[in-house]
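Coordinate analysis (summary)
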Amino acid sequence: MGGIQLFKDKIKDEQISLLLKFNVLITLIVLVMSLFNVSKQLFITEAEGLTFDASKRDFCSLVTSQLIDKKISKKIVTESLFGLVAADNYKNLYFDGEETISAIWASDETCKVLVKTKTGLRAFDYFFDQSKDFKYYYKVKKITENEFFEKENS
């Protein structure tokens, strides 16, 4: 009788071991499948709307801040523009250093910056080149100021 009980215990242990291995296998399969499903939701592709517009806005903010502070870097503007902007201690920009950036909009090759001054609002368009050769990927090649009231004053 003792031999039969040992045989039954051995079979029971093997069943428990087999059941445990089966449960571990099923758990791993479910875990791997859930990770694949979750990873698809965690990463947004560029086709779904992820663009680099934020970096363009940040770049335009940096340029405007440096213009307001009268400390523009040669690394973010072309040489010819640097000469025009920095001439006579930034006299042509008519900034007194207390202006603030109100809003920034970016498109493919330009960005528009709205600057709040003591006398009102001023809007600037920055036209830039993009290249991996530039230290900051963008370089401003042209700046134009938009007149808010040119039609009313004409």
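Residues numbered from 1 in each chain as written. Predicted model: local features only at pLDDT ≥ 70, side-chain atom pairs only at ≥ 80, totals over all residues. Heavy atoms only, no water.

1. Describing the overall build of the chain
- Helix and strand content of the chain: 4 helices and 4 strands.
- Mapped from its N terminus to its C terminus, the chain presents α and β elements in the order α-α-α-β-β-β-β-α.
- Counting every position in the chain, which comprises 154 residues, the buried fraction comes to 22%.
- The contacts of the chain with a sequence gap of at least 6 include a subset with a gap of at least 24, amounting to 41%. (Helix = DSSP H or I, 4+ residues; strand = E, 2+ residues; numbered from the N terminus. Buried < 20%, exposed > 50% of the residue type's maximum accessible area, 1.4 Å probe, protein only. Contact = heavy atoms within 4.5 Å.)

2. Some words on the confidence of the model for the chain
- Taken over all residues, the pLDDT of the chain has a mean of 78, while the share at 70 or more is 77%.
- The least confident element of the chain is helix α4 (residues 150-153), whose mean pLDDT is 50; the most confident is strand β2 (residues 110-117), at 90.
- This stretch, residues 46-51, has a pLDDT under 50; its non-local contacts, to residues over four places away or in other chains, come to 3 contacts. (pLDDT = per-residue confidence, 0-100.)

3. Points about the packing of aromatic side chains
- With the rule as written, the count across this model stands at 4 aromatic pairs.
- Ring centres of Phe59 and Tyr138 lie 5.3 Å apart, and the angle between their planes is 50 degrees; on these two criteria the pair is classed as tilted. Here Phe59, found in helix α2 (residues 53-68), pairs with Tyr138, found in strand β4 (residues 138-146); they are 79 residues apart in sequence, far enough to count as distant. For the pair formed by Phe59 and Tyr138, the shared burial category is buried.
- Centroid distance Phe95 to Phe124: 5.7 Å. Interplanar angle 55 degrees. Geometry classified as tilted. (Phe/Tyr/Trp six-rings, centres within 6.5 Å; stacked < 30°, edge-to-face > 60°.)

4. Things to note about the sheet that holds strand β1 (residues 100-106)
- Strand order in the open sheet formed by 4 strands is β1-β2-β3-β4, and the pairing between neighbours is antiparallel. Single-partner strands in this sheet number two, and they are β1 and β4. For this sheet, the mean angle separating the axes of adjacent strands, direction not counted, is 25 degrees.
- Pairing between β1 and β2: 6 bridges, direction antiparallel. For Thr100, the partnering residue across the bridge sits in β2 and is Lys116. (Pairing = 2+ DSSP bridges. Axes fitted to C-alpha atoms, helices over the stretch in contact; angles between N-to-C directions.)

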